[in-house]
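# Reading the structure
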Amino acid sequence: MSWIYYTTSDNTYRYALGEVQENASKILFCFGINPSVATPQKLDPTAKRIQKIALEHGYDSWVVLNVCAQRATEPNDMLKEQSLIFHRENLNIITTLLRQYSLCSDILFAYGDLINKRPYLKENLCEIMDAINAVGYGGNCYCLGRTKAGNARHPLYQKVNT
């Protein structure tokens, strides 16, 4: 098992975090809103939950991606205006990973109502959806139910076997 861990040199942005088998046959990509402090050496509760969901549902690998790559443990600390440079890099890494593993992966959308926290987050999600379509992604897309506002539920607030 190898770690996928892409961050900026100053660690203020994280693009991807996960474990991928050398000959991965089934990968779960999970899209959250933005990364917290998780690293391969110390997973946060959300990353642990994604890992557990993936393993409980027969995936041999998992990767957490985000609508916005800025690290912020408190969503109110996210920039009011995003950096387009880091957003483009996030899209590039998402596209590269989906293209590389499109034949053996599924996507779990799990961003919750935090998508409403900043106006650019929904725009980013639309661009991610365009990128998913552009690479000819053929896997399944899931969510763990919807919030009252209609957004994909966050995994921390759901049972693992949902």
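This text goes with the structure placed above it.
Now for a quick tour of the structure. The structure displayed is predicted, hence computed values, not measured ones.

## Brief notes about unusual backbone geometry
Leaving glycine aside, a negative phi is the common case for residues, and trans is the common case for peptide bonds. A positive phi angle, close to 65°, is found at Asn-11, a residue other than glycine. Looking at where Asn-11 falls in the secondary structure, it is placed in the loop between strand E1 (2-7) and strand E2 (14-20). Residue Asn-11 is classed as partly exposed on the basis of its relative accessible area, which comes to 34%.

## Considerations on the side chain of His-154
Position of His-154 relative to the elements: it lies in the segment after strand E6 (141-143). For His-154, a relative accessible area of 17% gives the class buried. Among the polar contacts made by the side chain of His-154, one reaches the main-chain amide nitrogen of Leu-156 at a distance of 3.1 Å. Not counting residues within four places of it along the chain, the set of residues in contact with His-154 comprises Thr-46, Ala-110 and Gly-112.

## Some remarks on the layout of surface pockets
Of the pockets and cavities examined, the largest pocket occupies roughly 510 Å³. As for the largest pocket, its lining consists of 28 residues, and the residues nearest its centre are Asn-34, Thr-46, Leu-114, His-154 and Leu-156. Sorting the residues of the lining of the largest pocket by element identifies strand E3 (27-32), helix H1 (45-56) and strand E4 (61-66) as the ones contributing at least two each. Of the residues in the lining of the largest pocket, the class split is 14 nonpolar, 10 polar and four charged.

How each quantity is defined
- Residues numbered from 1 in each chain as written.
- Predicted model: local features only at pLDDT ≥ 70, side-chain atom pairs only at ≥ 80, totals over all residues.
- Heavy atoms only, no water.
- Helix = DSSP H or I, 4+ residues; strand = E, 2+ residues; numbered from the N terminus.
- Buried < 20%, exposed > 50% of the residue type's maximum accessible area, 1.4 Å probe, protein only.
- Polar contact = N/O pair within 3.5 Å; in protein donor to acceptor, adjacent residues only side chain to side chain.
- Contact = heavy atoms within 4.5 Å.
- 1 Å grid on protein atoms, 1.4 Å probe; cavity = no way out; pocket = protein on both sides within 12 Å on 5 of 7 lines; lining within 4 Å.
- Points joined across faces, edges and corners; volume = space filled by probe spheres on them.
- Nonpolar A, V, L, I, M, F, W, Y, C, P; charged D, E, K, R; others polar.

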